[in-house]
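Summary of the model geometry
These are the residues of each chain, in order.
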Protein chains: 2
Amino acid sequence: MSDRREFRDLAEPEEAHEAIESLDLSPEPETVPLREARGRVLAERIDAELDVPGFDRGSMDGYAVRARDTFGADEADPATLELVGAVHAGAEPDVTVESGTCAEISTGAVMPDGADAVVMVERTTEIEGGDTIEIRTSVAPGDHVMFAGADIAAGGRALGPGTEITPREIGLLSALGVDEVPVRGTPTVGIVSTGDELVRPGDDLHSERGQIYDVNSYTIAAGVEEAGGEAVLYPHAGDDYDEMERLLVEASEECDLVLSSGSTSASAVDVIYRVIEERGDLLLHGVSVKPGKPMLVGRVGDSAYVGLPGYPVSALTIFRTFVAPAVREAAGKPEPRTATVSGRMAVEERYSEGRMRLMPAGLVESGPARPTGDGEPGGAGGETLVYPVDKGSGATTSLVEADGVVVVDPDTEYLAAGESVEVQLFSPDVRAPTLFAVGEDDPALSRLLDRVDRPRHLALGSWEGLRRLRDGVPDAAVVAGEPGRDPVASPDPTGDDDPVPTEPVGEWTREWGLIVPAGNPDEVTGLTDLVDRDLRFVNRDSNAGLRTTLSNALADLADERGTTRREVTEAIDGFDRAVRAHESPARRVLAGDADVGLGLRATAERLNTGFVSLGTEPVRVHANPARADKPGVRGLREAIADGDDVFDALAGYER
Amino acid sequence: MSDRREFRDLAEPEEAHEAIESLDLSPEPETVPLREARGRVLAERIDAELDVPGFDRGSMDGYAVRARDTFGADEADPATLELVGAVHAGAEPDVTVESGTCAEISTGAVMPDGADAVVMVERTTEIEGGDTIEIRTSVAPGDHVMFAGADIAAGGRALGPGTEITPREIGLLSALGVDEVPVRGTPTVGIVSTGDELVRPGDDLHSERGQIYDVNSYTIAAGVEEAGGEAVLYPHAGDDYDEMERLLVEASEECDLVLSSGSTSASAVDVIYRVIEERGDLLLHGVSVKPGKPMLVGRVGDSAYVGLPGYPVSALTIFRTFVAPAVREAAGKPEPRTATVSGRMAVEERYSEGRMRLMPAGLVESGPARPTGDGEPGGAGGETLVYPVDKGSGATTSLVEADGVVVVDPDTEYLAAGESVEVQLFSPDVRAPTLFAVGEDDPALSRLLDRVDRPRHLALGSWEGLRRLRDGVPDAAVVAGEPGRDPVASPDPTGDDDPVPTEPVGEWTREWGLIVPAGNPDEVTGLTDLVDRDLRFVNRDSNAGLRTTLSNALADLADERGTTRREVTEAIDGFDRAVRAHESPARRVLAGDADVGLGLRATAERLNTGFVSLGTEPVRVHANPARADKPGVRGLREAIADGDDVFDALAGYER
């Protein structure tokens, strides 16, 4: 461990931007078929090389005439002209219109020689068996004729360099007959993932060896493509120097930019560091930003190189902040307008970093609200509120629990609630959820959320849901059990005597009890077995409403026995062995790590375990009253009201 | 022409929406590799099937310990533990940490049996040659350990149905090891282009036969792809019934939706109409909307069918308004937030249609402005102004001169200047130009615009530029020649005695004269030849500043001769033969259609014609003073100031 790299001379974020800008990622321009040009960017101006239309063109169905022959004609006193022929679209005229004659003409057909105007068919009558046409209006020269070049004139500027090609530009280029388009090249970005512990999705995972799936390769590849680049994934490299060198050099020969990404381990980072120093040029190592400190910028061979941090949220954040702009620039594409959203901080956030912070943040829309008149954040209608999401940068779920990052200056000590901030979204396609709920993890809720458009539910437990609802951030809290009857965890888990103001959205009940192996080999019958026998138990974490319900039942048991609640819980082997998700205790039982777990009948049915019922508990959804009419909240209310099929399908559920 | 179809019973636009909604475009869901899932939409919910991480994981480089062994340790009184081994990321631990011992551990490695916490390396010292480790801090159980399932717990809801897959969702799915993703199918849209006159871009065009390039096929295909569909182009069909029937039936068998598009001719429309009636089901024909009246909605075989109007702007407008929403719906994609922009009408616009109008509209940003305090449109800072673009729906250039359409209700008689409107952009990627100029067509300007980001210049002539600048719509007018000295066209072409308020942006001069065939076979020496000899002349249109300059010179000639200006111009064969673009007269001369044309020395050099110089004229760019500091105006000012290379490269130009 003695040769561990330290990042002592951290570069300022601005230097990192400049270093990346100094690397040339721009590929050569190329030519693509028009049919494939959408989304590309013109590399050079395109002038019209021909007139559109290329001929004087009738713009109505009717008769081509000499305008002079119609002068004075009207409904009462029509002119009569001899019909000498017809001209159809796509055909060369084989008639000449002399004075006193006319020719039938279709919209889009070539004006025949001699004719200088078109009379629309609605103002004419065929007479004498069709050989003669009565013209019931007078027309001026040029009427209903589109002259050659009137739409686009040869020699004119059609499109300038840098134009992004959307369907309408494809239309203009089609009209000009352009079928090959000179466009900016697509920057090619090689992605080398590192670390002995990484396994690509789809391959077998050996957790006992500490393997995890490689998150960064596909995530960053998708980010590269979203920024207008082409991503090339290289085979996964371990911590071996020669292998890493071979991969980085190969990628540098094939790509405009090479990114390494994946490992959080110091040894893998060390290996990359050495390869870049020996086979390229390290412009800077370490940036004064959190997260992202271990970022590297340099060159390998003729290619630019950026080393991303290993944690997924850090990697995507650094990619989005420092690398994506350079890829866009090289592709000639502006940042989409939707890539940044303005909002107000929902809560206060303090900093003591002394370096730039890229704070993962979630979005929640505050409106439409009932008028509250108090102007508080959360009370105003239709505003975007921004809240920090900080689960530690190692958490993959931050990727979907946050919507983007807020750049916080090093000298910012805190962001006040209500302060305006800009959120750089993880993707221009990210949208704020329509419903933001926090609370109990519940299988029925999970299915009901499938019926709500873009919901977000953080399954952090009932108490955390109530705490956050009190802070005014989420739209709703999902609470299981009976709040205020938790003698073990905390008598008032929200830490406040005022009740949290809420409006009911819906509720149901679920059957809870003890999960045991299939067939109940230990012949568990109830809580007394847990207290009195030597059974290994797995509990839920203290935010879970289900744990409170268990604690309440144990308190009742203690009362019956005339003993203390503490004595009862201390007699249970594993009462403090707490796991986070509703299926987790059952999975521990299934894996043989425990004899009994706290859980739901529905879970026991799903995982085919045994189950000892201890009762039912309510699950209630409470909304922030100011947001009770948000579409997402209304959507959940309707989903619960109409959710009989969901409750019927889950064992032990009733509405 | 007797069997011409009339659209007498027009459907209301709402009926057209409902008819299209009643057709089922939704394809079957499919499974795609995770690597290709970006931009797709989840067809079903995805639950976590495994814990992430799958093992208790060290989250720091350091030493795995029993926390109890460190209790009380600090800098002054470190604990010492025997080093019994090491665990690296991606490897199975082969040590057990007993009391009094520790194991080296890398970030991400599996916690060895017996250990319950990690001490970070910075708080340790190797002593006794590395066999013993001094621990200079105390840790609690769980410190620097990420427990199995702490990030994502098996059984939890990962992503819901309908989720659009962006890089972050790819990250979460990667972490779960999901490498194949169930997604909504991509609706397949067949495009059949019709009309005998259409030629696909890249093929030879025979203008004498009235051929034009097919604009709609590629434009609509690009629109389909932008809306999340897959476009299939079928070979071009003429007006032949059997051919059309074969193509439509083939397309209906292969696609979820068939669009016909292309021809404006009544006979082609008739053929389609008959095929749909005989081989399918026509739900409605004709919609009360302008443009778009001849729209058809129905079924062919098992496929939905929509017939789009023939003119490109009409086709794209109807596609965008009625068809794209159905394609998005089938693909499961919401309309992008950027697809609609709010703005205020820059001018008044009146209607007398009695049916819904889809008004092509351009966007111009009014700011940043100098403070004017008058609150007039154009005076306020940073507002989006909307102006109607109506060149007739047959003009392809409307596609790029308009940015989208404003839906105007049938009962709206006018939109007032300043009224708020919504513009449905032709594409979510369309952005308002940074510079909107109207005026003279000039080759130097055209090159200078290449150096401005997203400029729009409508080459409608100097006088039109001044008129529109007076109306407050464009940012700048480009004016050639000397305004106010046009005795032929109009003494005050803006029709107002007040001078148009302007702020100079830049100016240059250009040499003008007579374009003659190479070698000047008629030995033209100047204007007298034009007046006195029998030469066929081609002039520019009356909005062109260059024409005013010619008229002024002819007025001087008339004065010299003591005759009237009218007598002089009437003596020129073709003085009123006016063409629109700056190269058009030269191209007529080249084509042998004229002996002499009005033009620039630069054009003569470019097209290798002869040239008789008649002098120089100024070209001046005037800005709306309220917008002189807009980035686009500043950009053009800088481009002119730095444009010596442009002026040097063009014959007869000087700044």
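Keep in mind it's a predicted model, so treat the numbers as computed, not measured. (Residues numbered from 1 in each chain as written. Chains lettered and ligands numbered in written order. Predicted model: local features only at pLDDT ≥ 70, side-chain atom pairs only at ≥ 80, totals over all residues. Heavy atoms only, no water.)

**Considerations on the overall build of chain A**
Applied cut-off: Secondary structure counts use DSSP, requiring at least four H or I residues in a row for a helix and at least two E residues in a row for a strand, with both numbered from the N terminus. All radius of gyration figures rest on C-alpha atoms, and the globule criterion is 2.2 Å times the number of residues raised to 0.38. Classification of residues uses two cut-offs on accessible area relative to the type maximum, computed with a 1.4 Å probe and protein chains only: under 20% is buried, over 50% is exposed, and between them is partly exposed.
Along the backbone of chain A there are 16 helices and 37 strands. The globule rule puts the C-alpha radius of gyration for 655 residues at 26 Å, and the 36 Å found for chain A is more than 25% above it. Along the first, second and third principal axes, the C-alpha set of chain A runs to 120 × 70 × 55 Å. Considering chain A as a whole, with its 655 residues, one finds that 58% of them fall into the buried category.

**Regarding the domain arrangement of chain A**
As a measure of interface size, the accessible area lost when the parts come together is often cited. Put simply, the rule reads: Segmentation into domains, and thus their bounds, comes from an automatic or database assignment.
By domain assignment, chain A separates into domain 1 (13–27 + 186–331), domain 2 (30–52 + 151–183), domain 3 (57–146), domain 4 (340–432) and domain 5 (455–654). Using only C-alpha atoms to locate each centre, domain 1 of chain A and domain 2 of chain A end up separated by 36 Å.

**Focus on the interface of chain A and chain B**
Cut-off, in case you're wondering: Contact criterion: two residues are considered in contact whenever any of their non-hydrogen atoms come within 4.5 Å of each other. The term buried area denotes the loss of accessible surface (1.4 Å probe radius) that occurs when two parts are joined, taken as the sum for both partners. Here a salt bridge means any side-chain nitrogen of Lys or Arg lying within 4 Å of a carboxyl oxygen belonging to Asp or Glu. Any pair of nitrogen or oxygen atoms within 3.5 Å is treated as a polar contact; in protein, a donor-acceptor pairing is required on top of that, and neighbouring residues in sequence qualify only through side-chain atoms on both sides. As a working rule, the residues Ala, Val, Leu, Ile, Met, Phe, Trp, Tyr, Cys and Pro are called nonpolar, Asp, Glu, Lys and Arg charged, and the rest polar, with Gly in that last group.
Contact residues are listed per partner, giving 118 residues for chain A and 117 residues for chain B. Between chain A and chain B, a total of about 9300 Å² is buried, with carbon and sulfur atoms accounting for 53% of that surface. Counting across the chain A and chain B interface gives eight salt bridges. Between Arg45 of chain B and Asp450 of chain A there is a salt bridge, with the nearest N and O atoms lying 3.2 Å from each other. The tally of links between chain A and chain B comes to 36 residue pairs in polar contact (both at pLDDT 80 or more). Looking at the side of chain A that touches chain B residue by residue, the class counts come to 52 nonpolar, 29 polar and 37 charged.

**Digging into the packing of helix α1 (residues 13–22) of chain B against helix α6 (residues 312–331) of chain B**
All names here are of chain B. What counts is decided by this rule: Only the stretch in contact is used when a helix axis is fitted, and all axes are lines through C-alpha atoms; the angle between N-to-C directions ranges over 0 to 180 degrees. Oblique is the label for every angle not falling under 35 degrees (roughly parallel), over 145 degrees (roughly antiparallel), or within 65 to 115 degrees (roughly perpendicular). Crossings are sorted by hand: turned counterclockwise from the far helix by less than a right angle, the near helix makes the crossing left-handed, and turned clockwise it makes it right-handed.
Two elements in contact, α1 and α6, have axes whose closest approach is 10 Å; the angle formed by their N-to-C orientations is 25°. In terms of their interaxial angle, α1 and α6 are classed as roughly parallel. The two elements α1 and α6 meet at a crossing, and its hand is right-handed. Here Pro13, Ala16, His17 and Ile20 of α1 lie close against α6, whose contacting residues are Thr321, Phe322 and Ala326. A per-class count over the contact of α1 with α6 returns five nonpolar, two polar and no charged.

**Section: the packing of aromatic side chains**
Heads up, the rule is: The rule is short: rings of Phe, Tyr and Trp, with Trp giving its six-membered ring, pair when the centres are within 6.5 Å, and they are stacked under 30 degrees, edge-to-face over 60, tilted in between. Two conditions define a charge sitting above a ring: the NZ of Lys or the CZ of Arg must be within 6 Å of the ring centre, and it must be within 35 degrees of the ring normal.
For the coordinates displayed, the defined rule picks out four aromatic pairs over all chains. Between the aromatic rings of Trp508 of chain B and Phe647 of chain B, the centroid separation amounts to 5.4 Å while the plane-to-plane angle is 40°, which identifies the pairing as tilted. Here Trp508 of chain B is found in strand β32 (residues 503–516), whereas its partner Phe647 of chain B is found in helix α16 (residues 644–649), with 139 residues between them in sequence. Given the relative accessible area of 1%, Trp508 of chain B is considered buried. The lysine or arginine in question, Arg350 of chain A, covers the ring of Tyr414 of chain A, its NZ or CZ lying 5.0 Å from the ring centre.

**Considering the pattern of salt bridges**
In total, this model carries 74 salt bridges over all chains according to the counting rule given. Its salt-bridge partner being Glu30 of chain A, residue Arg40 of chain A comes within 2.5 Å of it at the nearest N-O pair. Of this pair, Arg40 of chain A sits in the loop between β1 (30–33) and β2 (46–47) while Glu30 of chain A sits in strand β1, and the two are ten residues apart along the sequence. The closest approach of N and O atoms between Arg627 of chain B and Asp475 of chain B, which form a salt bridge, is 2.7 Å. With Arg627 of chain B in the loop between β36 (610–623) and α15 (631–641) and Asp475 of chain B in the loop between α9 (462–471) and β31 (476–480), the pair connects residues that are 152 residues apart, well separated along the chain. An identical accessibility class is assigned to Arg627 of chain B and Asp475 of chain B; each is buried. Shared partners join several salt bridges into a network, and the residues in it are Arg45, Asp47 and Arg157 of chain A together with Asp450 of chain B.

**Focus: the environment of Arg451 of chain B**
Residues and elements named next belong to chain B. Looking at the secondary structure, you find Arg451 in the loop between α8 (443–449) and β30 (455–458). We classify Arg451 as partly exposed; its relative accessible area is 43%. With 184 residues separating them in the primary sequence, Arg451 and Gly635 have C-alpha atoms 7.6 Å apart. Apart from the residues within four sequence positions on either side, Arg451 is in contact with Ala639, Asp642, Gly643, Asp645 and Val646. Within polar-contact distance, the side chain of Arg451 engages the side chain of Asp645 at 2.6 Å.

**A few points about the sheet that holds strand β17 (residues 257–261) of chain B**
All names here are of chain B. For clarity, the cut-off: Any two strands between which DSSP finds at least two bridges are classified as paired.
The strand order across the open sheet formed by six strands is β16-β13-β17-β21-β20-β18, and the pairing between neighbours is mixed. Lying at the two open borders of the sheet, with one neighbouring strand each, are β16 (230–233) and β18 (280–285). Strand-to-strand twist in this sheet, taken as the mean axis angle between neighbours without regard to direction, amounts to 20°. Pairing geometry for strand β13 (residues 188–193) and β16, over four bridges, is parallel.

**Looking at the relation of the copies chain A and chain B**
Both copies of the chain are related by a screw-like operation: a rotation about an axis and a shift along it. Using the following cut-off: Here the copies are matched by least squares. The fit uses the C-alpha atoms of residues with pLDDT of at least 70 in both.
For the match of chain A to chain B, the screw axis carries a shift of 0.0 Å, the RMSD comes to 0.1 Å, and the turn is 180°. The relationship between the two copies is best expressed as a two-fold rotation axis. Looking at the rotation axis and the C-alpha trace of chain A, the residue lying nearest is Thr338 of chain A, at 3.5 Å.

**What about helix α2 (residues 167–175) of chain A?**
The buried fraction of α2 of chain A is high, at nine of nine residues. Just downstream of α2 of chain A lies Gly177 of chain A, where phi reads positive at about 75°.

**Considering the sheet that holds strand β4 (residues 62–65) of chain B**
All names here are of chain B. Spatially, the six strands line up as an open sheet ordered β7-β4-β6-β5-β9-β8, and their pairing is mixed. The sheet is open, and its two edges are formed by β7 (117–120) and β8 (124–127), each paired on a single side. In this sheet, neighbouring strand axes are inclined to one another by 40° on average, regardless of whether the strands run parallel or antiparallel. As defined by bridge partners, strand β5 (residues 79–87) adjoins strand β9 (residues 132–135) across four bridges and the pair is classed as antiparallel. Looking across to β9, one finds that Leu81 is bridged to Ile133.

**Side note on the environment of Ala227 of chain B**
Residue and element names in this part refer to chain B. Relative to the helices and strands, Ala227 resides in the loop between α3 (216–226) and β16. Look at Ala227 and you get buried, because its relative accessible area is 0%. Counting along the chain gives 419 residues from Ala227 to Val646, while the straight-line C-alpha distance between them is 41 Å. If we skip the residues at most four places from it in the chain, Ala227 touches Ala324, Val327, Arg328 and Ala331.

**Comments concerning helix α11 (residues 545–561) of chain B**
Because the α-helix completes a turn every 3.6 residues, residues three or four places apart line up on one side. Residues and elements named next belong to chain B. In plain terms, the rule: The span one expects for a helix is its residue count, reduced by one, times 1.5 Å.
Here α11 contains 17 residues, and its C-alpha end-to-end distance of 24 Å stays within 8% of the 24 Å for a straight helix at 1.5 Å per residue. Of all the 17 residues making up α11, twelve are buried; the element is thus mostly covered by neighbouring parts of the structure. With its phi angle positive at about 70°, Gly562 sits one or two positions after the end of α11.

**Focus: a negative patch on the surface**
Residues and elements named next belong to chain A. Rules: For patch building, the residue pool is restricted to those with more than 30% relative accessible area and no salt bridge; the joining distance is 9 Å between like charges and 5 Å between nonpolar side chains (Val, Leu, Ile, Met, Phe, Trp, Tyr). Accessible surface area values rest on a Shrake-Rupley calculation with a 1.4 Å probe, where residue burial reflects the displayed protein chains alone. We count Lys and Arg on the positive side and Asp and Glu on the negative side, and we leave His and both chain ends out. The location of each charge is read from NZ of Lys, CZ of Arg, CG of Asp or CD of Glu.
Taken together, the side chains of Glu12, Glu14, Glu15, Glu18, Glu21 and Glu329 present a region of like negative charge at the surface. With four residues, helix α1 (residues 13–22) is the largest single contributor of residues to the negative patch. Within the secondary structure, Glu12 sits in the segment before α1.

**What about the side chain of Thr137 of chain B?**
Position of Thr137 of chain B among the secondary structure elements: in the loop between β9 and β10 (145–146). Once residues within four sequence positions are removed from consideration, Thr137 of chain B is found in contact with Thr70, Ala73, Asp74, Val119 and Arg123 of chain B.

**A short note on the pairing of strand β33 (residues 537–540) of chain B**
One face of the sheet, then the other: side chains in a regular strand alternate in exactly this way. All names here are of chain B. Neither face of β33 is exposed, since Phe537 and Asn539 on one face and Val538 and Arg540 on the opposite face are all buried. Pairing of β33 with strand β35 (residues 596–600), which is carried by two bridges, proceeds in the parallel orientation. Note on β35: the bridge partner recorded for Val538 is Gly597. As defined by bridge partners, β33 adjoins strand β34 (residues 578–579) across two bridges and the pair is classed as parallel. Pairing of Arg540 across the sheet is with Val579, part of β34.

**Concerning the side chain of Asp529 of chain A**
Residues and elements named next belong to chain A. Turning to its location among the elements, Asp529 is positioned in helix α10 (residues 527–532). Within the structure, Asp529 has its side chain in polar contact with the backbone nitrogen of Thr525 (distance 2.5 Å). Apart from residues no more than four positions distant in its own chain, Asp529 is found in contact with Glu523, Val524 and Leu535.

**What about the confidence of the model for chain A?**
All names here are of chain A. Basically, it comes down to this: As a per-residue measure, pLDDT reflects the predictor's confidence and takes values from 0 up to 100.
The share of residues in chain A with pLDDT of 70 or more is 93%, and the mean pLDDT across the chain is 89. The least confident element of chain A is helix α5 (residues 266–279), whose mean pLDDT is 82; the most confident is strand β35 (residues 596–600), at 98. In the model, residues 1–6 has pLDDT below 50 throughout and makes 15 contacts with residues more than four positions away in sequence or in other chains. Taken together, the stretch residues 485–492 has pLDDT below 50 and engages in 16 contacts with residues farther than four places along the chain or on a different chain. Confidence metrics for the complex model read pTM 0.89 and ipTM 0.89.

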